[in-house]
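Structural characterization, general
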There are 2 protein chains.
Amino acid sequence: MGIDSIHQTAIKAFVFDVFGTVVDWRSGVAREAQPFLQRHAPNLDASDFADAWRREYSPAMEEVRSGRRAYVRLDVLHRENLVKVLARFGIANVPEPEIDELNLAWHRLDPWPDAVDALRRLKARFIIAPLSNGNIRLMVDIAKRAGLPWDAILGAEVVRAYKPSPLVYSETAEILGIAPRELCLVAAHNNDLAAARRVGLRTAFVVRPTEHGPRQTSDLKADEAWDFIVDDLHELATQLGCAR
Amino acid sequence: MGIDSIHQTAIKAFVFDVFGTVVDWRSGVAREAQPFLQRHAPNLDASDFADAWRREYSPAMEEVRSGRRAYVRLDVLHRENLVKVLARFGIANVPEPEIDELNLAWHRLDPWPDAVDALRRLKARFIIAPLSNGNIRLMVDIAKRAGLPWDAILGAEVVRAYKPSPLVYSETAEILGIAPRELCLVAAHNNDLAAARRVGLRTAFVVRPTEHGPRQTSDLKADEAWDFIVDDLHELATQLGCAR
């Protein structure tokens, strides 16, 4: 990707989608669910279980985005979705503490291999923060476990709204005291970037071709001419001239 | 201080007052104001100027705490207070960009000598975050410049209220997904700790005898039997059994 140097110098902060962009949620949730499934549904594939749980993610947030429901944090939605998915798979009579514990699977996700080092490079020159639909404690737990060196935890809970609602992006720029064009969203999802671009943010697409497993069909390429299009976060740091 | 080991094990997160507790605002503001005062009021002592600016801090927040004014971030209040203080000292005709620049003095404060290392020790075992009346960008700038290793930036802007309003403490525990008694406020100010204790938080008093300069008279000792009373943050980390 060619870089417009005027664009580059104007960026003050990079904010990141997290699930799929910075961390590998599918492998992590499958790994964390494995012992639970061994006990309750030994024939169920853990990746299928992770996919089924994740499929409830967007519809649950849509209730909040549409205004039909007041904002509740993602930990709450994840737990409600988990109860639904357990019922659908016919997994019954699970003690509440075991459900609470399994819900923490999302707090224990591993970063993609490039993430920690590349974020350190970016942090030396820019403010970096998650801009995730995950709540603050969820982001803190992932970061502490993985060593993600965020400068702050921004995102849905700080503004009490879910992406891709426009105000999530615009209020985040406002909180950072910068213009939307001084803020760049990094995401592996074209729809997230499109929403950010609509309110004036810069955009960086990172391809994560196995977020949804080996047969992924979505987000394998950039749908628009994003400001940056990269194969991993090191490539982004290098394009921005960040030292190794 | 004796430590109740039951208390100690229950604490999951430490949150910190910042101005005076983690950073030395008076010396920092005086240093940052020096070149400005050289140009506009060469006979004015920079520490007196810092004190005068800081005296406007609490009354300005009280407008928000009382409900007379909607929440605005501290950067905005600091700037309004600066304009007032300049007028009071008869400093006139200052270009707006110069006022904006001087207002950033608060973003460039140095930590007390123990802060960075002791916070690293505490971070290895607990979630650590500022719980300041300073806004998010202000906290981020101080942390990046000083190397404060926060896990998140919590505080007034996240809950849109100013300490010592009770909800600042209680909502912060809620955001962290823990009970108030699992959260400990660290502060150099007895009134901040009293407000935190009233809603069930644990409390740690750190003596900062020169926050207000060499003739300080306030907060030289603990007014109540706080859970921890220490001379610096290393002493707190040591009492908690954090490795060096």
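Residues numbered from 1 in each chain as written. Chains lettered and ligands numbered in written order. Predicted model: local features only at pLDDT ≥ 70, side-chain atom pairs only at ≥ 80, totals over all residues. Heavy atoms only, no water.

1. Quick word on the pairing of strand β2 (residues 127-132) of chain B
Residues and elements named next belong to chain B. Which entries qualify depends on this criterion: Relative accessible area decides the class of each residue, using a 1.4 Å probe on protein chains only: under 20% of the type maximum gives buried, over 50% gives exposed, and in between gives partly exposed. Strands are runs of DSSP state E lasting at least 2 residues, helices are runs of H or I lasting at least 4, and numbering of each runs from the N terminus. When DSSP finds at least two bridges between two strands, those strands are taken to pair. Here is how to tell: hold the view so the strands point away, follow the path from the first strand over the helix to the second, and if it runs clockwise the crossover is right-handed.
The element β2 is largely enclosed, with a buried count of six among its six residues. On β2, burial covers both faces: Ile127, Ala129 and Leu131 on one face and Ile128, Pro130 and Ser132 on the other are all buried. In the sheet, strand β1 (residues 13-16) pairs with β2 via four bridges, with the strands oriented parallel. If you follow Phe16 over to β2, its bridge partner there is Pro130. Here β2 runs beside strand β3 (residues 154-155); their pairing, made up of two bridges, is parallel. Pairing of Leu131 across the sheet is with Leu154, part of β3. As a crossover connection, the stretch from β2 through helix α8 (residues 136-146) into β3 is right-handed.

2. Quick word on the relation of the copies chain B and chain A
Heads up, the condition is: Least-squares superposition aligns the copies on the C-alpha atoms of those residues with pLDDT at or above 70 in both.
Superposing chain B onto chain A requires a rotation of 180° together with a translation of 0.0 Å along the rotation axis, leaving an RMSD of 0.0 Å. Put plainly, the chains are arranged around a two-fold axis. Rotation axis and chain B: the residue whose C-alpha lies nearest the axis is Ala152(B), separated from it by 2.5 Å.

3. Focus on the domain arrangement of chain A
Residues and elements named next belong to chain A. Convention followed: For each domain, the first and last residues come from an automatic or database assignment. Working rule for contacts: check all heavy atoms of both residues, and any pair within 4.5 Å makes them a contact. Summed over both partners, the accessible area (1.4 Å probe) lost when two parts come together is defined as the buried area. By definition here, a salt bridge exists when the distance from a side-chain nitrogen of Lys or Arg to a carboxyl oxygen of Asp or Glu is within 4 Å. Between N or O atoms, a polar contact is any pair within 3.5 Å; within protein, one atom must be a potential hydrogen donor and the other a potential acceptor, and residues adjacent in sequence are included only when both atoms are from side chains.
Annotation of chain A at the domain level lists domain 1 (5-24 + 109-239) and domain 2 (26-107). Here domain 1 and domain 2 have C-alpha centroids that lie 24 Å from each other. Contacts between domain 1 and domain 2 engage 24 residues on the former and 20 residues on the latter. Around 1,900 Å² of area is buried between domain 1 and domain 2 when both sides are counted, 52% of it from carbon and sulfur atoms. Ranking the residues of domain 1 by area buried against domain 2 places Asp24, Leu109 and Tyr162 at the top, with a combined share of 33%. Inspection of the region where domain 1 meets domain 2 yields two salt bridges. With a closest N to O distance of 3.0 Å, Asp110 and Arg31 form a salt bridge. Summed over the shared surface of domain 1 and domain 2, the result is 10 residue pairs in polar contact (both at pLDDT 80 or more). Only α8 (136-146) and α9 (156-159) provide two or more residues apiece to the side of domain 1 that touches domain 2.

4. What to know about the sheet that holds strand β1 (residues 13-16) of chain A
All names here are of chain A. How we decide: All axes are obtained by fitting lines to C-alpha atoms, using only the stretch in contact for helices, and the reported angles, taken between N-to-C directions, cover 0 to 180 degrees.
Pairing is parallel across the open sheet formed by six strands, whose spatial order is β3-β2-β1-β4-β5-β6. Two strands bound the open sheet, and with one partner strand each, they are β3 (154-155) and β6 (228-230). Pairing between strand β4 (residues 183-187) and strand β5 (residues 202-206): four bridges, direction parallel. Looking at the pairing, Ala187 lines up with Phe205 of β5. Sheet strands touched by helix α10 (residues 166-175): β1, β2 (127-132), β3 and β4. Its angle to β4, the strand with the most contacts, is close to 135°.

5. Quick notes on the interface of chain B and chain A
The partner chain A presents 20 residues to the 20 residues of chain B that form the contact. With both sides pooled, the region where chain B packs onto chain A buries about 1,800 Å², and carbon together with sulfur makes up 55% of that total. On the chain B side of the interface with chain A, the three residues burying the most area are Arg137(B), Lys144(B) and Ile175(B), jointly 30% of the side's total. Where chain B touches chain A, the interface holds four salt bridges. We note a salt bridge from Glu174(B) to Arg73(A), for which the minimum N-O separation is 3.1 Å. At the junction of chain B with chain A, the criterion picks out 10 residue pairs in polar contact (both at pLDDT 80 or more). Looking at the side of chain B that touches chain A, the elements that each hand over two or more residues are α8, α9 (156-159) and α10 (166-175) of chain B. Take the side of chain B that touches chain A: its biggest share by element is five residues, from α8(B).

6. Remarks on the packing of helix α3 (residues 46-55) of chain A against helix α5 (residues 74-88) of chain A
All names here are of chain A. Test applied: Oblique is the label for every angle not falling under 35 degrees (roughly parallel), over 145 degrees (roughly antiparallel), or within 65 to 115 degrees (roughly perpendicular). Crossings are classed by handedness, with left-handed meaning an anticlockwise turn of the near helix from the far one by less than a right angle and right-handed meaning a clockwise turn. The residue classification treats Ala, Val, Leu, Ile, Met, Phe, Trp, Tyr, Cys and Pro as nonpolar and Asp, Glu, Lys and Arg as charged. All others, Gly included, are polar.
The contact between α3 and α5 brings their axes to 9 Å, and the two run at 125°. Viewed along their axes, α3 and α5 adopt a mutual orientation that is oblique. Seen along the crossing, α3 lies across α5 with a hand that is right-handed. On α5, the residues touching Phe49, Ala52 and Trp53 of α3 are His78, Asn81, Leu82, Val85 and Leu86. Here the residues of the contact of α3 with α5 sort into six nonpolar, two polar and no charged.

7. Considerations on the packing of helix α3 (residues 46-55) of chain B against helix α4 (residues 57-65) of chain B
Angle between the axes and distance between the axes: these two values describe a pair of packed helices. Residues and elements named next belong to chain B. The contact between α3 and α4 brings their axes to 4 Å, and the two run at 15°. Taken together, the axes of α3 and α4 lie roughly parallel to each other. Where α3 abuts α4, its residues Trp53, Arg54 and Arg55 lie against Tyr57, Ser58 and Pro59. Looking at the contact of α3 with α4 residue by residue, the class counts come to three nonpolar, one polar and two charged.

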